[in-house]
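Single-letter residue listing:
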Amino acid sequence: MVEVVNVVASGSLGVELDLEAIAGDLDSIVDYDPDKYPGAYFRFGDSAPLITLYRTGKYIITGASSEKEARTVREEFLNILSGRKILPSAEDDWFQLQNYVCMSEVGENLNLSALAIGLGLEVTEYEPEQFPGLVYRPAEHDCVLLVFGSGKVIITGATSIQDTEEAFNTFQKRIVDLFP
DNA sequence: TAACTAGCTTCTTATATAACAATGCATG
DNA sequence: CATGCATTGTTATATAAGAAGCTAGTTA
């Protein structure tokens, strides 16, 4: 069982934009400081996901806790832009989920030094003085697992929940094999 | 010297450590 | 009232991904 804690997605409106004008118009939800960063930040609500919009019309969504939430804020974002006549229609060129950050746990405390050897030193990094978690890059999955002594695991870098679940399941099976 | 590439900035989120700052409370 | 210890809070460390723009370094 893995729980999604963060989703990153990106898309493109397909048009060049005047961020200065948009930020002035949508003052209450847009934060734009080109000296600090070239993107304009959109946020609908206090703990809502963040949308970063760029001059080129490309944008990214961070901080959503599900694919559904990411798609919902995207729609709200497109509706506001089309409603303000910034965009001709509430549609965009493409939209893709880029990264899932998930949390799970194996249900027991883990000896990370032993785990590093068990999983293989070429696929793990464990330097407790630098960071308390073990970094595991499984050869058969396109994602990274951060494993902690408490048994909690962070899976990040996958572009679908299925990949994340598969990576965690094979990891958990390996734990059982290594520490029966 | 121009063009190119690589690396960094910003942001989000869980996780867990240490090191530090700042505050609270009690005792002398 | 001042000093000491304890607690709470913040920062750093590391991970992935997207985006634009700046800088630094390399190469022709």
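Residues numbered from 1 in each chain as written. Chains lettered and ligands numbered in written order. Predicted model: local features only at pLDDT ≥ 70, side-chain atom pairs only at ≥ 80, totals over all residues. Heavy atoms only, no water.

As annotated in an unreviewed UniProt entry, chain A carries the name TATA-box-binding protein and comes from Halalkalicoccus tibetensis.

## With respect to the overall build of chain A
From N to C terminus, chain A includes four helices and 10 strands. By the compact-globule yardstick of 16 Å for 180 residues, chain A is too spread out, its C-alpha radius of gyration being 20 Å. Expressed along its principal axes, the backbone C-alpha trace of chain A runs to roughly 60 × 30 × 25 Å. In chain A, of all internal contacts separated by at least 6 residues, the share reaching a separation of at least 24 is 59%. Counting only carbon and sulfur atoms, one obtains 48% of the accessible surface of chain A, whose full area is about 10,100 Å². In chain A, the 13 positive side-chain charges and the 29 negative ones have mean positions that sit 4 Å from each other. (Helix = DSSP H or I, 4+ residues; strand = E, 2+ residues; numbered from the N terminus. Rg over C-alpha atoms; globule rule 2.2 N^0.38 Å. Contact = heavy atoms within 4.5 Å. Areas by Shrake-Rupley, 256 points an atom, 1.4 Å probe, with all protein chains shown as cover. Lys, Arg positive; Asp, Glu negative; His and termini not counted. Charge placed at Lys NZ, Arg CZ, Asp CG, Glu CD.)

## Regarding the state of the cysteines
Enumeration according to the criterion identifies zero disulfides in this entry. Unpaired in terms of disulfides, C102 finds its nearest cysteine sulfur in C143, a separation of 9.2 Å. Assessed through its relative accessible area of 0%, C102 is described here as buried. Taking the relative accessible area as the measure of exposure, C143 reaches 7% and is therefore buried. (Disulfide = S-S within 2.5 Å. Buried < 20%, exposed > 50% of the residue type's maximum accessible area, 1.4 Å probe, protein only.)

## Considerations on the domain arrangement of chain A
By domain assignment, chain A separates into domain 1 (7–98) and domain 2 (106–178). For domain 1 versus domain 2, the distance between C-alpha centres works out to 34 Å. (Domains from an automatic or database assignment.)

## Some remarks on the environment of A23
One can find A23 in helix α1 (residues 19–25). Under the relative-accessibility criterion, A23 is labelled buried at 13%. With sequence-adjacent residues up to four places away left out, A23 is seen in contact with V30 and Y32.

## As for the protein's contact with DNA strand C
Taken together, the neighbourhood of DNA strand C is formed by 21 residues, with Y54, R55, T56, T62 and R137 sitting nearest. Of all DNA strand C atoms lying within 4 Å of any protein atom, the proportion belonging to sugar or phosphate reaches 61%. Contacts to DNA strand C include Y54, whose side-chain N or O atom sits 2.6 Å from a base nitrogen. Here T156 contributes a side-chain N or O atom positioned 2.9 Å from a base nitrogen of DNA strand C. (Near = heavy atom within 4 Å. Polar contact = N/O pair within 3.5 Å; in protein donor to acceptor, adjacent residues only side chain to side chain.)

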